Amino acid sequence: MSDSNTVDLVEAKIDTHEQVCAERYKRIEERMESGDKKFGRLENMIWGVYILMITSAVLPNLIK
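Worth saying up front: this structure is predicted, and the values here are computed from it rather than measured.

Thresholds applied
Residues numbered from 1 in each chain as written. Predicted model: local features only at pLDDT ≥ 70, side-chain atom pairs only at ≥ 80, totals over all residues. Heavy atoms only, no water. Salt bridge = Lys/Arg side-chain N within 4 Å of Asp/Glu carboxyl O. Helix = DSSP H or I, 4+ residues; strand = E, 2+ residues; numbered from the N terminus. Buried < 20%, exposed > 50% of the residue type's maximum accessible area, 1.4 Å probe, protein only. Patch = residues over 30% accessible without salt bridge, like charges linked within 9 Å, V, L, I, M, F, W, Y side chains within 5 Å. Areas by Shrake-Rupley, 256 points an atom, 1.4 Å probe, with all protein chains shown as cover. Lys, Arg positive; Asp, Glu negative; His and termini not counted. Charge placed at Lys NZ, Arg CZ, Asp CG, Glu CD.

> How should I be thinking about the pattern of salt bridges in this particular structure?
Any two side chains of opposite charge can pair, given that their charged atoms come close. Enumeration according to the criterion identifies 2 salt bridges in this entry. For Arg 27, the salt bridge is made with Glu 23, and the minimal N-O distance between the two is 2.9 Å. Taken together, the positions of Arg 27 and Glu 23, both in helix H1 (residues 3-63) and 4 residues apart, correspond to about one turn of that helix. In this structure, the salt-bridge partner of Arg 27 is Glu 30, at a minimum N-O distance of 3.1 Å. Linking Arg 27 with Glu 30, this pair stays in helix H1, spanning 3 residues, or about one helical turn. Using a relative accessible area of 43% as the deciding quantity, one classes Arg 27 as partly exposed. For Glu 30, a relative accessible area of 38% gives the class partly exposed. Salt bridges sharing common partners tie together Glu 23, Arg 27 and Glu 30.

> How should I be thinking about a negative patch on the surface in this particular structure?
Negative charge collects at one region of the surface, where Asp 8, Glu 11, Asp 15 and Glu 18 lie side by side. You can see Asp 15 is positioned in helix H1. A relative accessible area of 35% means that Asp 15 is categorised as partly exposed.

Shown next as structure tokens:
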């Protein structure tokens, strides 16, 4: 195998690797954006639980 063939083969493998990695990182980015939306909803739910807990602790004292 000549040096030229070896270089061409290595270059082709690197190009393929770069394409595969680019697609993989694109999918990772999409999943992170989707997860960010889910975390936003979870954060809102947690705030709702905080409000419920505070209200349930204060409300009995106000009703007396």
